[in-house]
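Structural overview for review
Next come the chains, spelled out residue by residue.
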Amino acid sequence: MDVSTGTPPTARLTTVEDYAPLIGARAVERILAKAARLRDLHVVHINSTYYGGGVAEILSSLTLLMNAAGIPTGWRVIQGRPDFFSITKKMHNALQGAEINLTEQKQHIYEDVVFENAVRLHLGHDLVIVHDPQPLPLIRHFRKKSPWVWRCHVDLSKPNPALWSYLAPFVERYDAVVLSLPEYAQKISPPQRFIMPAINPFSTTNKELSEAEINDRLEHYAIPTDLPLIVQVSRFDHWKDPQGVIEAFRIVRKEVDATLVLVGNVATDDPEGQEVFQSICQQAEERIRVLSVQDSALVNALQRRAAVVVQKSIREGFGLTVTEAMWKGTPVVGGKAGGIRHQIEDGSNGFLVETVEQAAQRIVQLLKDPGLRRRIGAKARESAGARFLMTRLMEDWLDLIGSFEPHFRLRGDVGA
Ligand code: UDP
């Protein structure tokens, strides 16, 4: 298909070349050479939501960048009723260590809905990449002619053993498993690769904004700017510890006055979000703003204007919101969990905390010291730019896809 025909004048794909000022011409050349070897390979990603959460954020940029580099890459989303997503959210929680009551009835709903999706998907791609537990069993329903990769984004440091033993037979069928960190590795036979996510610096969430554009977004939501802003951006989810952020803020205000903004969205595959949102909303007041909206420009504006961004997660697969704030040069106080520990070097480009009190103490320290905010912010920007831009993620995927090359050659689809 030629999507350039009839393209609206405002629509233009970001290309790898656009990253040259950020990553250098040699890196651009290297990535494009790797992409050229895999040209015309038909790849598909499958997950369970088009928006809300890091996976959707990554796929919306990665799939377009791959297409722009000549690798036709699709993105499919599985469908399910609320009972399906209620079960898969419990699985998500249990993979991060929570208890689960996995009855036979729940297993049937899960497996049946995935089967129905398998029927509708019509997959005939050269490579299939399945994200997270929701669509995991899809693989059972295909006579596998091409490599399948399971990409799990959650914090697998302590998965619930009962759930893992139920899911493991599905995982075993895959040709490779991609996890965010080495410490999430499991005892399974498919090869495991570790790839950390990344951000698109040109997206609505991350692109440069003028002061006027930032003011406009904040005014639109009546967010007061008379006092320093402390911001947490995240789905309304207990693992993100919004309650802990409010408690830390109450301690902070005894020393320094400020405004707390908690902004979140509710992903379509996350039925618990509404409940968490309501419990947090009850604590809203003049200086504690709680917003449930899907507005990437607001996220961008808040991460830029904040004096401190907080991401006080208890478990965190990676934590794109941390990268986003660091890229904007804003100091982050992050929970000492999962991927946040790999992004923040404590005391150098941000702060890592384990308790409400520690979070409060670091926030106060940053609020009182503009020089410290500048130093930490500058280091944060530098490390996010060096390690977490989308081109690095694309290159990691190209290397992984390239490792299947003998298989593609064998089929006579690529190369030759
Ligand atoms: N996000 C957003 N609006 C919100 C909350 C989150 O656009 O109200 C985006 C956020 O900017 C980030 C992603 O959703 O890109 C969240 O990814 P992260 O890895 O931090 O957490 P996840 O939700 O995947 O657990």
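See above for the structure.
In this text the structure is predicted, and so the values were computed from the model without any measurement. (Residues numbered from 1 in each chain as written. Predicted model: local features only at pLDDT ≥ 70, side-chain atom pairs only at ≥ 80, totals over all residues. Heavy atoms only, no water.)

Here we take up the overall build of the chain. When you go through the chain residue by residue, the secondary structure sums to 16 helices and 12 strands. For 416 residues, the compact-globule formula gives about 22 Å, and the C-alpha radius of gyration of the chain, at 22 Å, lands near that figure. Out of the 416 residues belonging to the chain, those deemed buried represent 57%. Counting only contacts in the chain whose residues sit at least 6 apart along the sequence, the fraction spanning at least 24 positions is 73%. When the accessible area of the chain is evaluated, it comes to approximately 17,800 Å², of which 51% is carbon and sulfur surface. Of the charged side chains in the chain, 48 are positive and 49 negative; the average position of the first set lies 3 Å away from that of the second. (Helix = DSSP H or I, 4+ residues; strand = E, 2+ residues; numbered from the N terminus. Rg over C-alpha atoms; globule rule 2.2 N^0.38 Å. Buried < 20%, exposed > 50% of the residue type's maximum accessible area, 1.4 Å probe, protein only. Contact = heavy atoms within 4.5 Å. Areas by Shrake-Rupley, 256 points an atom, 1.4 Å probe, with all protein chains shown as cover. Lys, Arg positive; Asp, Glu negative; His and termini not counted. Charge placed at Lys NZ, Arg CZ, Asp CG, Glu CD.)

Pairing between the strands of a sheet comes from backbone hydrogen bonds, and it takes one of two forms, parallel or antiparallel. Ordered in space as 9-8-7-10-11-12, the 6 strands form an open sheet in which the pairing is parallel. A single partner strand is all that each edge strand has here, and the edge strands are strand 9 (288-292) and strand 12 (351-353). Direction aside, the axes of adjacent strands within the sheet are offset by 20 degrees on average. Here helix 10 (residues 296-305) sits on the sheet and contacts strand 7 (229-233), strand 8 (259-264), strand 9 and strand 10 (308-311); the angle it forms with strand 7, its principal contact strand, is near 140 degrees. Sheet contacts for helix 13 (residues 356-368): strand 7, strand 10, strand 11 (332-335) and strand 12; angle to strand 12, the most-contacted strand, approximately 155 degrees. (Pairing = 2+ DSSP bridges. Axes fitted to C-alpha atoms, helices over the stretch in contact; angles between N-to-C directions.)

Let us look at the pairing of strand 10. Consecutive side chains along a regular strand alternate between the two faces of the sheet. Here strand 10 shows two buried faces, one formed by Val308 and Val310 and the other by Val309 and Gln311. Bridging between strand 7 and strand 10 involves 2 bridges; their strand directions are parallel. Looking at strand 10, one finds that Ile230 is bridged to Val308. Here strand 10 runs beside strand 11; their pairing, made up of 3 bridges, is parallel. Considered in strand 11, the bridge of Val309 is made with Val332.

What follows covers empty space enclosed by the protein. Rolled over the atoms, a probe sized like a water molecule indicates the empty space that remains. Tallied over the entire structure, the rule returns 3 cavities of 30 Å³ or more. Each pocket or cavity is described by its volume, and for the largest cavity that value is around 60 Å³. In terms of lining residues, the largest cavity is bounded by His45, Ile58, Leu59, Leu62, His131, Arg151, His153, Ile195, Pro197, Leu393 and Trp397. Going through the elements one at a time, helix 3 (54-68) and helix 15 (390-402) are the ones with two or more residues in the lining of the largest cavity. Counting residues per element, the lining of the largest cavity draws most heavily on helix 3, at 3 residues. Grouping the amino acids of the lining of the largest cavity by side-chain chemistry returns 7 nonpolar, 3 polar and 1 charged. (1 Å grid on protein atoms, 1.4 Å probe; cavity = no way out; pocket = protein on both sides within 12 Å on 5 of 7 lines; lining within 4 Å. Points joined across faces, edges and corners; volume = space filled by probe spheres on them. Nonpolar A, V, L, I, M, F, W, Y, C, P; charged D, E, K, R; others polar.)

Taken together, 19 residues surround the ligand, and among them Gly54, Arg235, Lys240, Leu320 and Glu324 come closest. Contact distances for the ligand include 2.7 Å between an oxygen atom and a side-chain N or O atom of Lys240. A distance of 3.5 Å separates an oxygen atom of the ligand from a polar atom in the backbone of Gly264. In isolation the ligand offers 540 Å² of accessible surface; the protein chains occlude 92% of this area. Among the elements of the structure, helix 3, strand 8 and helix 11 (320-327) are those that each provide at least two residues to the shell around the ligand. Of all the elements, helix 11 adds the most residues to the shell around the ligand, at 3 residues. (Near = heavy atom within 4 Å. Polar contact = N/O pair within 3.5 Å; in protein donor to acceptor, adjacent residues only side chain to side chain.)

This next bit is on the sheet that holds strand 5 (residues 176-179). As summarised here, the arrangement of the 6 strands in space is 2-1-3-4-5-6, forming an open sheet in which the pairing is parallel. Two strands lie at the open edges of the sheet, namely strand 2 (73-77) and strand 6 (192-194), each paired on one side alone. Across this sheet, the average inter-strand angle for adjacent strands is 20 degrees, counted without regard to direction. Here 4 bridges tie strand 3 (residues 127-131) to strand 4 (residues 148-152), and the two strands are oriented parallel to one another. From the neighbouring strand, Val130 faces strand 4, where its bridge partner is Trp150. Against the sheet, helix 15 engages strand 3, strand 4, strand 5 and strand 6, with an angle of about 145 degrees to strand 4.

One can find Arg387 in helix 14 (residues 370-387). Of the residues examined, Arg387 reaches a relative accessible area of 32% and is grouped as partly exposed. Sequence separation of Arg387 and Thr323 is 64 residues, and the distance between their C-alpha atoms is 9.6 Å. Those residues in contact with Arg387 that lie beyond four places of it in its chain are Met196, His342, Gln343 and Arg392. Among the polar contacts made by the side chain of Arg387, one reaches the main-chain carbonyl oxygen of His342 at a distance of 2.9 Å.

This brings us to helix 11. Note: α-helices contain 3.6 residues per turn, so residues at a spacing of three or four share the same orientation. The element helix 11 is largely enclosed, with a buried count of 8 among its 8 residues. All of the buried residues in helix 11 are Leu320, Thr321, Val322, Thr323, Glu324, Ala325, Met326 and Trp327. Two residues or fewer past helix 11, Gly329 is found with a positive phi of approximately 75 degrees.

Contact geometry for helix 13 and helix 14: axes closest at 5 Å, N-to-C directions at 105 degrees. If you check the angle between helix 13 and helix 14, you find them roughly perpendicular. Residues Gln365, Leu366, Leu367 and Lys368 of helix 13 pack against Pro370, Leu372 and Arg373 of helix 14. Considering only residue class, the contact of helix 13 with helix 14 consists of 4 nonpolar, 1 polar and 2 charged. (Parallel < 35°, antiparallel > 145°, perpendicular 65-115°, else oblique.)

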